[in-house]
Amino acid sequence: MQPVFTGTQVRGAEMPWLEAGYGPALMRRAAWGLAHHIRQLLQHRGRVYGSRVVGLIGKGNNGGDALWALSFLAERGVSITAVAITTTPDQLHPEGLARFQRAGGRIVSSIDPTVDVVIDGVFGTGFRGSFDLPGYLRDHALDIPETAAVVACDIASGLVADTGDIPGNVLRADLTVTFGAAKLGLLVGTGGQHSGEVTTVDIGLGAELQAVQDPWWVADQADIRSAYGAPQWDAHKYSRGVLSVVAGSPQYPGAAVLVVNAVAATGVGYMSLVAEQPRDNSVAEQVLAAHPQVVLEAQIAAKATAVVIGPGLGDTSEDRERFTEALRAAQRQQLPVLVDASGLDLLDVENLGQNYAAMVLTPHIGEMQRLTQRLAPQLQDESAVEQALAIARAFGVWIVLKSADTYVVSPGHRRSVHPAKTSALATAGTGDTLAGILGAGIAGLDPADETFHDELFTVLAAGVRLHSLAGELAVADGGVMVSSLQDDIRAAKRYAMASS
């Protein structure tokens, strides 16, 4: 997995260097990296020598970074100009301004209509408050040509690096060149949709970043291979995981089919569907028609290694009893249990107070809000992510918070995010599919192993990535059809295996 940091964490990592007087050196490293990536962009667009680049410059260090970068571009024959934003030229970063002017740069009051690249260098990660850079440009008749590329210096001005929030309005960047480390706000939320391609410049904070407590993590293809790769050569059906599924009802039999579709595509050794006859005949018939290898059982399998509970359950007294008995069995057998969909609305403090090998909750935003109202009403005004973090720690559960960006949080300090890749998965049934993927991965773990919690974190984060990759491949093939998403899961696994 790749670490991602908040802006606050990166600034903390920089602080020892700044206090030791290395601020100018860090600025030059950052600026050199920014100039390098702009040169690559210009080269891709056709030429470097003779190109025109203008910087929108604020008076702080972010403006200094941009001014130094402009001076480096001038050394390659780029025509450089700068516009002072929310300040006067004499208040710009002194050393950066001096270097910019020695390189032939000019302070201007308008943007040349033939400019190739515009650098957003007004505010950096330390900015607080609200700012509307596009509005400022309109008010001051500073028109950016449609043909110009916008490059954000470290972060788009006005974007909150810790969260991805945009309190005001920002320029949508084609490219963000960020310094030190990837920042959470560039990847998630509205910020992730305004940052364009994000590339990171190493400015020498490796040791300080390794010491940062509680970074965020982003799963990659290697994690899919690790968590969902081919079984060991000597595997047998029980060593590959035994998953019991408690899903579906006469009203919603299709939910059970979608879960089982995903489990089968992801891979376990043995799969059982807990279905009581004759009430669940329709559920059993539909599941067996799609997957005859599924074993029907009246209760959680004796050899089960994990349980998925919830998709498609109704809200009758029978459904509630079925849900409660499944949780009791998971507690008795000390199994990891994943609770999804309808099951989340049946959870209460008593359920959560039991001792499980692990409990994983997979709410979407609305379900997270309902959980919070019941379990921690004092958190109702917090963001869904903060609610998930607080409830995970308070009740000792893992939470996979499903939204455009999907978050995995542990009862402790592990946390992962999967930035939005496609909105095509925002359709009914894809949550059931994700529950099946995650359930299959969890079933292959051993709660008695000392690495269980580390492996569980990887399985959850990688499972979210696998689910998203399946959606991306489906879109490339014409669009997401939930009923056939299992084929895309298999394709996603092949893609991840081939990328090693």
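Notes on the structure in this doc start here. (Residues numbered from 1 in each chain as written. Predicted model: local features only at pLDDT ≥ 70, side-chain atom pairs only at ≥ 80, totals over all residues. Heavy atoms only, no water.)

## Points about the sheet that holds strand 8 (residues 197-201)
Argument step 1. Taken in spatial order, the 7 strands make up an open sheet running 4-3-2-5-6-7-8, and their pairing is parallel. The open sheet is flanked by strand 4 (106-107) and strand 8, the only strands paired with a single partner.
Argument step 2. Relative to strand 7 (residues 175-179), strand 6 (residues 149-153) runs parallel, the two being bridged by 3 bridges. Residue Cys153 lies in a different strand from strand 7, and its bridge partner there is Val177. (Pairing = 2+ DSSP bridges. Helix = DSSP H or I, 4+ residues; strand = E, 2+ residues; numbered from the N terminus.)

## What to know about helix 17 (residues 452-476)
For an α-helix the count is 3.6 residues per turn, leaving residues at separations of three or four pointing the same way.
Argument step 1. The end-to-end C-alpha distance of helix 17 is 35 Å, a good match for the 36 Å that 25 residues give at a rise of 1.5 Å each.
Argument step 2. Within helix 17, 18 of the 25 residues are buried, which leaves the element mostly enclosed by the surrounding structure.
Argument step 3. Note on helix 17: the residue one or two positions beyond its end, Gly478, has a positive phi of about 125 degrees. (Expected span 1.5 Å × (residues − 1). Buried < 20%, exposed > 50% of the residue type's maximum accessible area, 1.4 Å probe, protein only.)

## What to know about the environment of Ala470
Argument step 1. Tracing the sequence through the fold places Ala470 in helix 17.
Argument step 2. Along the sequence, Ala470 and Ala31 sit 439 residues apart, while their C-alpha atoms lie 38 Å from each other.
Argument step 3. Sequence-distant contacts of Ala470, that is, excluding residues within four places in its chain, are made with Leu485, Asp488, Ile489 and Ala492. (Contact = heavy atoms within 4.5 Å.)

## Comments concerning the side chain of Asn261
Argument step 1. If you trace the backbone, Asn261 turns up in helix 9 (residues 253-266).
Argument step 2. A relative accessible area of 6% means that Asn261 is categorised as buried.
Argument step 3. With residues near it in sequence (within four places) discarded, Asn261 still touches Ala290, His291, Ser483 and Gln486.

Limitation: the analysis is restricted to geometry and does not speak to function.
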